[in-house]
Amino acid sequence: MKNWKDIIRHTTFRYIDHSVNRKYTSNAMTSFAIDDALAISVSNEASPPAVRLWVHPNTIVLGIPDAKLPHIEEGVMYLTSENYNVVVRNSGGLAVALDEGVLNISLVLPNVKHISIYDCYEAMVSFVQYMLRDLTEEIKAYEIEDSYCPGDYDLSINGKKFAGISQRRVKDGAAIQIYLDVEGDSHKRASMIKRFYEISKRGEQTNFNFPEVNPNVMGSLSDLLGIKISVDDMKGRVYHALRDFTEEMTENDLTTEEISTFNKRYTLMKKRNEVVTEILERK
């Protein structure tokens, strides 16, 4: 197993804050296409390793299995009636809720053919623990079964989940993506996804084991730590923590070549989202 600091430590790191500059992030589909473009750029050594911060208003990001639920049309219509956008992502996992209180972090790293998937997950876990080391030593990584999008690398405090991690590998680059529930109404988010599954399954048996979401096993960092933490506060922690693992930070946005790759990957994302598009067109 590689040391997580060795995985993250690089001479130069590229810092991209798309939570402020949303020129390329009109919807969550664009964010997944951007991460693909960055992973390819990093793989080709056209870019140093990158960290990208992104925030999207009221969006439910579905996993690939979610899109195959027996009554997905009714589920999508329910989410849109709650004024949420719906997209299907290209990385692993199930439904998660995004809004202005949720910070997404993508660590885009090169040479991952020589690093296991699990080591990359562990690196993200340790990086978050490092960012918050002055506030808590109670962050654990294990599956919170009744949460939405449960997985082995759920991050929790006292048994309540506040973050989940996925990973997308393209060529020899990887985007390790985490959503951090920083502030806002985590109970409402979880309740909405719980209702989405109830509507989309209608009690029918499915080949995939979808979670029985319990909103009480989830919480925001602000609630779990008992202090007010904002998304801006967390962005500052990302920036300052990353400085400890690099000699130089650059803040270049997408290059012409990356935009070209992004456009191709966005076309693939739109194709993946045809099931949602068709439902909304019938609305």
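Every chain's residues receive numbers from 1 upward, in the order its sequence appears when written. Totals for whole chains, interfaces and linings use all residues, but because this is a predicted model, local features are given only for residues with pLDDT of at least 70 and pairs of side-chain atoms are given and counted only at 80 or more. Heavy atoms throughout the structure, all of them, feed into the side-chain values; hydrogens and water do not.

Caption draft 1: Focus on unusual backbone geometry. Its identity is not glycine, yet Asn 111 carries a phi of approximately 55°, on the positive side. Every helix listed is a DSSP run of H or I at least four residues long, and every strand listed is a run of E at least two residues long, numbered separately from the N terminus. Structurally, the position occupied by Asn 111 is in the loop between strand E6 (102-110) and helix H4 (117-131). With phi around 50°, Cys 149 is a residue other than glycine that occupies positive phi space. By the secondary structure assignment, Cys 149 is in the loop between strand E7 (139-141) and strand E8 (155-157).

Caption draft 2: Here's a closer look at the packing of aromatic side chains. Each Phe, Tyr or Trp ring (for Trp, its six-membered ring) is paired with any other whose centre lies within 6.5 Å, and the angle between the two planes then decides the class: stacked below 30 degrees, edge-to-face above 60, tilted in between. Evaluated as defined, the whole model comprises twelve aromatic pairs. Of the aromatic side chains, those joined through ring pairs into one cluster are Trp 4, Phe 127, Tyr 130 and Phe 245. The aromatic ring of Tyr 130 is capped on one face by Arg 133, whose charged end is 3.9 Å from the ring centroid. Remark: a charge is flagged as sitting over a ring if the NZ atom of Lys or the CZ atom of Arg is within 6 Å of the ring centre and within 35 degrees of the ring normal.

Caption draft 3: The arrangement of the sheet that holds E6 in detail. When DSSP finds two or more bridges between a pair of strands, those strands are recorded as paired. Read from one edge of the open sheet, eight strands run E7-E8-E9-E10-E6-E2-E1-E11, paired in mixed fashion. Each edge of the open sheet is held by one strand with a lone partner, namely E7 and strand E11 (248-250). The mean angle between the axes of side-by-side strands here comes to 20°, regardless of whether they run parallel or antiparallel. In this sheet, E11 lies alongside strand E1 (residues 12-17) in parallel orientation, the contact comprising three bridges. If you follow Phe 13 over to E11, its bridge partner there is Met 249. Working convention: axes come from line fits to C-alpha atoms, limited for helices to the stretch in contact. Angles between N-to-C directions cover 0 to 180 degrees.

Caption draft 4: Layout of the environment of Leu 109. Residue position: Leu 109 is located in strand E6. Relative accessibility decides the category of a residue: with a 1.4 Å probe and only protein chains considered, values under 20% of the type maximum give buried, values over 50% give exposed, and everything between is partly exposed. Relative accessible area serves as the criterion here: at 2%, Leu 109 is assigned to the buried category. Placed 59 residues apart in sequence, Leu 109 and Ala 50 show a C-alpha to C-alpha distance of 6.8 Å. In this description, contact between two residues means that some pair of their heavy atoms is separated by no more than 4.5 Å. Apart from the residues lying within four places of it in its own chain, the contact partners of Leu 109 are Ile 7, His 10, Phe 13, Val 42, Pro 49, Asp 172, Gly 173, Ala 174 and Ile 176.

Caption draft 5: Spatial organisation of the packing of H4 against helix H7 (residues 231-243). As a packed pair, H4 and H7 sit with axes 9 Å apart at the nearest point and diverge in direction by 110°. In terms of axis orientation, H4 runs roughly perpendicular to H7. Note on element contacts: H7 touches H4 through Met 234, Arg 237, Val 238, Ala 241 and Leu 242, opposite Phe 127, Tyr 130 and Met 131. By the convention adopted, Pro, Cys, Tyr, Trp, Phe, Met, Ile, Leu, Val and Ala count as nonpolar, Lys, Arg, Asp and Glu as charged, and the other residues, Gly among them, as polar. Of the residues that constitute the contact of H4 with H7, the class distribution is seven nonpolar, no polar and one charged. By definition in this entry, angles of less than 35 degrees are roughly parallel, angles greater than 145 are roughly antiparallel, angles of 65 to 115 are roughly perpendicular, and the rest are oblique.

Caption draft 6: Geometry of the sheet that holds strand E4 (residues 85-88). Spatially, the three strands line up as an open sheet ordered E4-E3-E5, and their pairing is mixed. Looking at which strands have only one partner, the edges of the open sheet turn out to be E4 and strand E5 (96-98). Each strand axis lies, on average, 25° off the axis of its neighbour in the sheet, ignoring direction. The pairing of strand E3 (residues 59-62) with E5 spans three bridges and is antiparallel.

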